[in-house]
Amino acid sequence: MSMTLVQVVIGGLLLGAVYALFSSGLTLIWGMMNVVNFAHGDFVMLGMYTAVVIWTSLGGGPWASVPAAAIVIATLGVISYFFLVRHIMKGPMLAQILGTFGLALFLRYGALWAFGANFKSLPDNLVGHSFVLGGIRFEGSRVLAAVVGLGVTFALHLILTRTQIGSRMLAVSENATAAQLMGIRPQRMQALAWAMAGAATGIAGALIALFLPISPTAGETLAIVAFVTVSLGGFGSVTGALVAGLLIGVVESLTAYLVGPIYKEVIVYTLFVLVLWFRPQGLMGKA
Amino acid sequence: MSEPLLKIEHLEVKYGDLIGVADVSLEVPKGSVVALLGSNGAGKTTTLNAIAGIARVSAGKVTFAGENLAGQPAYAIVRKGIALSPEGWRLFAQQSVESNLMLGATPLADRKQIPRLIDHVYTVFPRLAERRAQRAGTMSGGERQMLAVGRALMSAPQLLLLDEPSLGLAPAIVDTMYDCFAALHKEGQTILLAEQSVDLALEAADHAYVLQVGRTVLEGPAKTMAGNSDVQRIYLGVE
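Nothing here was measured: the structure is a model prediction, and the numbers come from that model. Note that residues are indexed from 1 along each chain, following the sequence as it is written. Chain letters and ligand numbers both follow the written order, the letters beginning at A and the numbers at 1. Per-residue local features of the predicted model are confined to residues with pLDDT of at least 70, and side-chain atom pairs are confined, for both listing and counting, to 80 or more; whole-chain, interface and lining totals are unaffected and use all residues.

A. Inspection of the overall build of chain B at higher detail. Assigned secondary structure in chain B consists of ten helices and ten strands. Throughout, the radius of gyration refers to the C-alpha atoms, and the reference size of a globule is 2.2 Å times the residue count to the power 0.38. For a compact globule of 239 residues, the expected C-alpha radius of gyration is about 18 Å, and chain B comes in at 17 Å, within 12% of that figure. The C-alpha extent of chain B, read off along each of the three principal axes, is 50 × 40 × 35 Å. Field definition: a residue is buried when 20 or more other C-beta atoms are found within 10 Å of its C-beta, exposed when 12 or fewer are, and partly exposed for counts in between, with C-beta atoms placed from the backbone. Here chain B, with 239 residues, has 46% of them falling under the buried criterion. Note that contacts rest on C-beta atoms placed from the backbone: two residues are in contact if these are within 7 Å. Long-range pairs, those at least 24 residues apart, make up 67% of the contacts in chain B between residues at least 6 apart in sequence. Working definition: helices are DSSP H or I runs of at least four residues, strands are E runs of at least two. Numbering for both runs from the N terminus.

Next comes the structure, spelled out in structure tokens:
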């Protein structure tokens, strides 16, 4: 394999790790309460703006903006749960779709009003310059995003599968009535799921703000990536989101290099349709 | 006589326009095993679900240790000391046997009790100890029933509600289950047991109530109920 190809694959993995992170929030919400959050992309977008605000008003880099975005978007998640999602969950599926879609529009145009339509970007040397390791060139910001992305996705997975609180959350998602018989308050666990998903999404937003342009509509494209990642990996599966995120990242980079950048989305979506054709539940989803 | 641990007065439960339970009154003294008998649809499950808080009480009183529980949510009721092993078990099929037991211990304020309680459940049901890492959804009917009862015991309840613990199980497993209940009774555990099988229930219980279309129609000490021809008559639905 040529050095360039290795470079391309590594670039894809770095990008894929961030895809995995911001998709894991979406998959967690779906897995916990069968709600598809159409405002998910806009949660990422507000995570990006949190990083912008931290930089422009306080001069803080990712060490400040990542935790800040986690807190801000987790709070936004909890507020959305208590004031909107909790009520529309009892309604038909259409109410959920329109409800979270309405939230998406509210957040998007709120951002437009607050920050203006112009693209913003953070200085590229915020995480130090690129470096070369074993003949491969790495960009500091992308490496940081990938490492933190993988770490947070893995932490989410561990919380869900290895802790008492995770076990209680899964219990609520499997059978809320039975969970109540155990003394668990379903609404508390669901609010916690929105907080965790929000924190992961906010972190992802603050990280990609380091290398992607920031605008009020940035969430639209990111939401599509998240939906593709989640359905490819299997709705509700954090490990699925991780595998699918890495896969999409690598396929995108390889297509851009081997076929041409304008074809990368054609190939990714073709692959997506093919996988769902043969495995509608996604790669790691339960049938 | 001192107040019973649980006292139900004129309980009524409606599902929309349907009446699940019309008028049920019963008492469960501390340390006793009380059987709730009746054919399918008599209202046994609804009565237990109403006590546990997963069916809404529309009229009547459910007094437990001096406090009216009617209208309180299920998660609050289990914290007061009532645990239900529900109809259909309602296990967390995706999680392991041990995780299910640990979830049963959620209401415990004193977490230090957990190792002792889990040992106790494994002593009562050694089969669960062998399967502790297995997913609950992959177990046999008998094992699931044991897990449902074990999970209810993990909150160290003052009152244990058992909904048809013999339903659909092989006779040998039913005997094991009832031996366990006898052992729990001896330890002083208070139990309210809904059961379709009259002979089994009357052998295990001190006192029994018979339900018919949502009403308590007969009651008496288990010993005298066993010879009561009315019990058989109500069961068979012959007038």
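B. Region of the structure containing the overall build of chain A. The number of helices and strands found in chain A is eleven helices and two strands. Secondary structure elements of chain A, listed N to C terminal, follow the sequence α-α-α-α-β-β-α-α-α-α-α-α-α. Taken over the C-alpha trace, chain A has a radius of gyration of 19 Å; the compact-globule value for 287 residues is 19 Å, and the two agree within 12%. Principal-axis analysis of the C-alpha atoms places the extent of chain A at approximately 60 × 50 × 35 Å. When each of the 287 residues of chain A is scored for burial, the buried share is 50%.

C. Representation of the interface of chain B and chain A. With 21 residues of chain B at the interface, the matching set in chain A holds 15 residues. Where the side of chain B that touches chain A is concerned, the elements lending two or more residues are α2 (74-79) and α3 (97-104) of chain B.

D. View of the environment of B:Gly20. All names here are of chain B. Among the structural elements, Gly-20 can be located in strand β2 (residues 18-28). Separated by 193 residues in the primary sequence, Gly-20 and Val-213 have C-alpha atoms spaced 8.4 Å apart. The contact partners of Gly-20, leaving out residues within four places of it in the chain, are Val-13, Lys-14, Tyr-15, Gly-43, Thr-46, Ala-55 and Gly-214.

E. View of unusual backbone geometry. Residues and elements named next belong to chain B. The phi dihedral of Ala-156 is positive, around 45 degrees, even though this residue is not glycine. Take Ala-156: it is sitting in the loop between α6 (141-153) and β7 (159-163). The phi dihedral of Glu-164 is positive, around 45 degrees, even though this residue is not glycine. Residue position: Glu-164 is located in the loop between β7 and α7 (171-186).

F. Structural view of the packing of helix α6 (residues 164-174) of chain A against α3(B). As a rule, the C-alpha atoms of each element are fitted with a line to give its axis, helices using only the stretch in contact, and angles between N-to-C directions run from 0 to 180 degrees. Interaxial distance between α6(A) and α3(B) falls to 10 Å at its minimum, and their mutual angle equals 90 degrees. Considered as vectors, α6(A) and α3(B) are oriented roughly perpendicular to each other. Contacts between α6(A) and α3(B) involve A:Gln164, A:Ser167, A:Arg168 and A:Ala171 on the former and, on the latter, B:Ser99, B:Met102 and B:Leu103. A breakdown of the residues in the contact of α6(A) with α3(B) according to their chemical character gives three nonpolar, three polar and one charged. For classification, angles of less than 35 degrees are called roughly parallel, those exceeding 145 degrees roughly antiparallel, those between 65 and 115 degrees roughly perpendicular, and all remaining angles oblique. The nonpolar class holds Ala, Val, Leu, Ile, Met, Phe, Trp, Tyr, Cys and Pro. Asp, Glu, Lys and Arg form the charged class, and all remaining residues, Gly among them, are polar.

G. Structural view of the pairing of strand β1 (residues 6-15) of chain B. Residues and elements named next belong to chain B. Bridge count between β1 and strand β4 (residues 59-64): five bridges; the pairing is antiparallel. Across the sheet, residue Ile-8 finds its bridge partner in β4, namely Val-62. DSSP bridges decide pairing: two strands pair if at least two such bridges lie between them. As defined by bridge partners, β1 adjoins β2 across seven bridges and the pair is classed as antiparallel. Bridge pairing in β2 links Tyr-15 to Leu-18. Linking two consecutive strands that pair antiparallel, namely β1 and β2, is a turn of two residues; a positive phi of about 65 degrees is found at Gly-16 within it.

H. Just the pairing of β4(B), in detail. Residues and elements named next belong to chain B. The pairing of β4 with strand β5 (residues 67-68) spans two bridges and is classified as antiparallel. Bridging across to β5, Phe-64 finds its partner in Glu-67. With antiparallel pairing between neighbouring strands as the criterion, β4 and β5 make up a hairpin whose turn holds two residues, including Ala-65 at a positive phi of roughly 50 degrees.

I. Examining α7(B) more closely. Residues and elements named next belong to chain B. By this rule the span expected of a helix is its residue count minus one, scaled by 1.5 Å. For α7, which comprises 16 residues, the first-to-last C-alpha distance of 23 Å matches the rise-based estimate of 22 Å (1.5 Å per residue) to within 8%. Of all the residues in α7, the buried ones are Met-177, Phe-181 and Leu-184. Down the axis of α7, the buried side of the element spans an arc of 60 degrees, and every buried residue falls inside it. Across α7 from its buried face, at more than 90 degrees, point the exposed residues Pro-171, Ala-172, Asp-179, Ala-182, Ala-183 and Lys-186. Residues of α7 that are buried make contact with α6, β8 (190-195) and α8 (198-204). Taken from the residues just after α7, Gly-188 is the one with a positive phi, measuring 100 degrees. The directions from the helix axis to the C-beta atoms are what the arc is built from.

J. Examining the nonpolar core more closely. We define the nonpolar core as any set of buried residues of the types Ala, Val, Leu, Ile, Met, Phe, Trp, Tyr and Cys, connected via C-beta atoms lying within 7 Å of each other. With 166 residues, the main nonpolar core has A:Val18, A:Ile203, B:Leu161 and B:Leu193 as its most contacted residues. Per-element tally for this core: the top contributor is helix α1 (residues 3-33) of chain A, with 14 residues. Contacts of A:Ile203, omitting those with residues within four sequence positions, involve A:Leu21, A:Val66, A:Ala69, A:Ala70, A:Val148 and A:Val152.

K. Structural detail: α6(A). Within α6(A), the full set of buried residues consists of A:Ser167, A:Arg168, A:Met169, A:Leu170, A:Ala171, A:Val172 and A:Ser173. Residues of α6(A) that are buried make contact with α1, α5 (140-162), α7 (176-181) and α8 (186-208) of chain A together with α3 of chain B.

L. A look at the packing of helix α10 (residues 238-258) of chain A against helix α11 (residues 264-278) of chain A. Residues and elements named next belong to chain A. Where α10 contacts α11, the two axes come as close as 8 Å, and the packing angle between them is 140 degrees. When the axes of α10 and α11 are compared, the pair comes out oblique. Remark: the crossing between α10 and α11 carries right-handed chirality. Of α11, the residues touching α10 (which contributes Ile-248, Val-251, Glu-252, Thr-255 and Ala-256) are Lys-264, Ile-267, Val-268 and Leu-271. Tallied by class, the residues present in the contact of α10 with α11 amount to six nonpolar, one polar and two charged. When the near helix sits turned anticlockwise from the far one by under a right angle, the crossing is termed left-handed; a clockwise turn instead gives a right-handed crossing.

M. Here's a closer look at the environment of B:Gly137. Residue and element names in this part refer to chain B. Note that Gly-137 resides in the loop between α5 (126-130) and α6. With 12 C-beta atoms counted inside 10 Å, the residue Gly-137 sits in the exposed group. Along the sequence, Gly-137 and Phe-92 sit 45 residues apart, while their C-alpha atoms lie 7.4 Å from each other. In this structure Gly-137 touches Ala-93 and Gln-94, once residues within four positions along its chain are discounted.

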